[in-house]
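Structural overview for review
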Number of protein chains: 2
Amino acid sequence: MNFILKNENAIYYECGYSCDNSIFLRLGSESFFITDSRYTEEAKTQSRNCEVIESDNLVKKAIELIGSFISEPIEYDPYDWNILEFDELREKVPNLKSHKHFSKTKRIIKTATEIEYISTASKYTRSAFSQFREYLSLKGIGKRENELHYKMSSILKNKGHFDLSFDPIVAINENSSKPHSRPTAKRLSNSDIVLVDAGIKFNRYCSDRTETFLVQKNDYANSQMSPKVQKIYDIVKQAHEETISKIKIGMKASEVDKIARDIITNNGFGANFVHSTGHGVGLDIHEFPIISKKSDTIIEENMVFTVEPAIYIPQFLGVRIEETIAIKNGRAEVL
Amino acid sequence: MNFILKNENAIYYECGYSCDNSIFLRLGSESFFITDSRYTEEAKTQSRNCEVIESDNLVKKAIELIGSFISEPIEYDPYDWNILEFDELREKVPNLKSHKHFSKTKRIIKTATEIEYISTASKYTRSAFSQFREYLSLKGIGKRENELHYKMSSILKNKGHFDLSFDPIVAINENSSKPHSRPTAKRLSNSDIVLVDAGIKFNRYCSDRTETFLVQKNDYANSQMSPKVQKIYDIVKQAHEETISKIKIGMKASEVDKIARDIITNNGFGANFVHSTGHGVGLDIHEFPIISKKSDTIIEENMVFTVEPAIYIPQFLGVRIEETIAIKNGRAEVL
């Protein structure tokens, strides 16, 4: 199959290298990595299974290379191309075939190495959460959300050893009721609830994790929430644990979603669980499968995705619990 | 003039707010900010001069709003749209007009407030460079490039008060000969040359600055480079200073470029100055005007751009000196 790629992670997946100005072209059995003079040297050292071609006009060079393949179908992902470059390309290459999420679809089943990378990223992330919870309890009271966000980012980056897989969420009390809350100047008080959603990359592969917990000064082990909060927490926790324990290969993704959603709905909070139960994780933080009400994807061995049920009560609180799991021996294994 | 925007900074410029899923629409005298339910609340509080519209299908909602304007010309920037959304839009809206760099063109002349923000970002960046140079001299010897990169990033972020305007470059000796060098595991030795290119954002406006300097253990003031390096440094320094002193309104950008390029070329290093002399700075780190050989843009009052001549000698060294300047009273003022 012939294809043409623009997306950095899609290109990295094919040849082990990518940069912010490149096109990858597969034509029959040959592969080409086209980039400009800034990156040629690195590309030649780090890429594999492709010929590195230098050009100051990548689209023009791609058209040239397509040459004798001009009338064969060539797949592309319409999400990856801006109008300007694409119109130039399709003017000269008549047989381009739109294939939404071309690379993410290829990447839905992970190799053992990919799972190992995500697992390593997840393990370090888990330890960063422990460090951060301890920090909050010992030194966090009185600090602002944006200072705490910076602190969590620093712990995750571990003096520059890791990149973040996304900008972390650190949200206090009612700020956690927005699924994508951005840090504010709000200060942490004793007995506040904090929601933290964060991850790092290991060898470019992402981790993704959320905890929601009570902060008690100098008492890291304490988790005695108010009865109202504890009730919500317990429902989310139950949804999270039951979903993970019941996932099996052969199920539809929508059935996985239903396990979590039914528990939350049956407890009266269905309208407060406003997003899907999970999403794939890999080179991108959001990959396939999507674990939603509508997804017909069949769960297979070596898929990797999050399980993250949640209840959001506007102006009061959001509780979300998230782990990334891999399907191993037909069941979910928390990474 | 009617227009439709997708780019975050372009949208922020129009209404003082933006997020990663929004469309901005100007139709006659009315403006609409379309976003999904995650951002509606924030958008309503923080945006100005526009109506906030919530939708889970932004393009469809935009088509609906265009309504009676359907046959009027509506401008868009082809760099901002992916094929998929744009094809949906242009199927229903026949009179879309391509306008490359629509927003960047609007933003080429800065207001006093914008210049003040860039100036504040620049001043803090300058002080971060001083702190980093002192750190290198006192504690940097033996540390790896990627550790130093992390240290410089931390100083710039100042405990989370600032975002970086781009991922900084910290390059030792021969690594500085690549204009876009990424940090490696190379260790800093006494008397090494270091190139640092970095900036922060203040109220979303970027700064951009480069220094190239000698690191001498415990001797921060020392700058006695080897004669060969000093010669290259002096040529770049001269190109930098003469360019800044000779910039005047009414010149073409290409004439500004020529001042720097001629000095470097006349000293025999023309082939080693492989990029343009500068670029505009604002909400984006790369804006207009572009200060290149080919640019016919006329320099005007209140433009803001970098002056960054350089000499790169592969496998040996790169020297670049960069300041961001504003055109005030007809001349360049270093911010």
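To be clear, the structure that these remarks concern was listed above.
So, the packing of aromatic side chains
Taken as a whole and judged by the stated rule, the model has 18 aromatic pairs over all chains. Geometrically, the ring pair formed by Phe3(B) and Phe102(B) is tilted, given 4.8 Å between the ring centres and 45 degrees between the ring planes. Placement of the pair is Phe3(B) in strand E1 (residues 2-5) and Phe102(B) in helix H5 (residues 102-106), with a sequence separation of 99 residues. Residues Phe3(B) and Phe102(B) agree in their burial class; the two are buried. Here the basic side chain of Arg209(A) rests over the ring of Phe129(A), its NZ or CZ set 5.2 Å away from the ring centre. Taking NZ or CZ as reference, Arg204(B) lies 4.1 Å from the ring centre of Tyr12(B), over its face.

Describing the relation of the copies chain A and chain B
When chain A is fitted onto chain B, the two copies agree to an RMSD of 0.0 Å after a turn of 180 degrees and an axial shift of 0.1 Å. Put plainly, the chains are arranged around a two-fold axis. Using C-alpha coordinates, one finds that chain A approaches the rotation axis most closely at Asn82(A), a distance of 2.2 Å. In this assembly the copies share their binding face: 100% of the residues contributing to the interface of chain A also contribute to that of chain B.

Thoughts on unusual backbone geometry
All names here are of chain A. In this model, Phe-288 is joined to Pro-289 through a cis peptide bond whose omega is 0 degrees. Along the polypeptide, Pro-289 turns up in strand E14 (residues 287-291). With a phi close to 70 degrees, Asn-302 is a non-glycine residue in the positive phi region. Mapped onto the elements, Asn-302 comes out in the loop between E14 and strand E15 (304-307).

Describing the pairing of strand E4 (residues 51-54) of chain B
Examined bridge by bridge, strand E3 (residues 30-35) of chain B and E4(B) share 4 bridges and lie parallel to one another. Within E4(B), the position partnered with Ile34(B) by the bridge is Ile53(B).

Describing the sheet that holds strand E7 (residues 163-164) of chain B
If you walk across this open sheet you meet the 3 strands as E7-E10-E11 (chain B), and the pairing is antiparallel. Taken across any chain shown, the strands that pair with only one partner, and hence form the sheet edges, are E7 and strand E11 (205-206) of chain B.

Focus on the interface of chain A and chain B
With 24 residues of chain A at the interface, the matching set in chain B holds 24 residues. Buried area between chain A and chain B, summed over both chains or domains, comes out near 2,300 Å², and the portion from carbon and sulfur atoms is 59%. Taken as a group, Ile83(A), Leu84(A) and Tyr150(A) account for 28% of the area that chain A buries against chain B, more than any other trio of residues on that side. Inspection of the chain A/chain B interface yields 2 salt bridges. The closest approach of N and O atoms between Arg90(B) and Asp87(A), which form a salt bridge, is 3.4 Å. Joining chain A to chain B, the criterion identifies 7 residue pairs in polar contact (both at pLDDT 80 or more). At the level of secondary structure, the elements contributing two or more residues to the side of chain A that touches chain B comprise helix H2 (40-46), helix H4 (83-92) and helix H7 (145-157) of chain A. Tallying contributions element by element places H4(A) first for the side of chain A that touches chain B, with 5 residues. Looking at the side of chain A that touches chain B residue by residue, the classes come out as 9 nonpolar, 5 polar and 10 charged.

Reading the values: the criteria
Every residue gets a number counted from 1 within its own chain, in the order that chain's sequence is written. For this description, chains carry letters from A and ligands carry numbers from 1, given in the order in which they are written. Reporting in this predicted model follows two pLDDT cut-offs: at least 70 for local features of residues, and 80 or more for side-chain atom pairs to be given and counted; totals over whole chains, interfaces and linings ignore these cut-offs and use all residues. Where side-chain values are given, they derive from all heavy atoms of the structure, hydrogens and water being excluded. Two rings from Phe, Tyr or Trp (for Trp, the six-membered ring) form a pair when their centres are within 6.5 Å of each other. A pair whose planes differ by under 30 degrees is stacked, one over 60 is edge-to-face, and the rest are tilted. Secondary structure elements are taken from DSSP: a helix is a run of H or I of four residues or more, a strand is a run of E of two residues or more, and numbering for both begins at the N terminus. Buried means the residue's accessible area, taken with a 1.4 Å probe over protein chains only, is under 20% of the maximum for its type, while exposed means over 50%, and partly exposed covers the values in between. For a ring to carry a charge above it, either NZ of a lysine or CZ of an arginine must fall within 6 Å of the ring centroid while also lying within 35 degrees of the normal to the ring plane. When the copies are overlaid, the least-squares fit takes in C-alpha atoms only where the residue has pLDDT of at least 70 in both copies. A contact between two residues is defined here by any heavy atoms of the two lying within 4.5 Å. Two strands pair under a simple rule: DSSP has to find at least two bridges between them. Summed over both partners, buried area is the accessible surface (1.4 Å probe) that two parts give up on being assembled. We count a salt bridge whenever a side-chain nitrogen from Lys or Arg sits within 4 Å of a carboxyl oxygen from Asp or Glu. Pairing of N or O atoms within 3.5 Å defines a polar contact, subject to two protein rules: one partner must be a possible hydrogen donor and the other a possible acceptor, and residues neighboring in sequence count only if both atoms are side-chain atoms. Here the term charged refers only to Asp, Glu, Lys and Arg, the term nonpolar to Ala, Val, Leu, Ile, Met, Phe, Trp, Tyr, Cys and Pro, and the term polar to all other amino acids, Gly among them.

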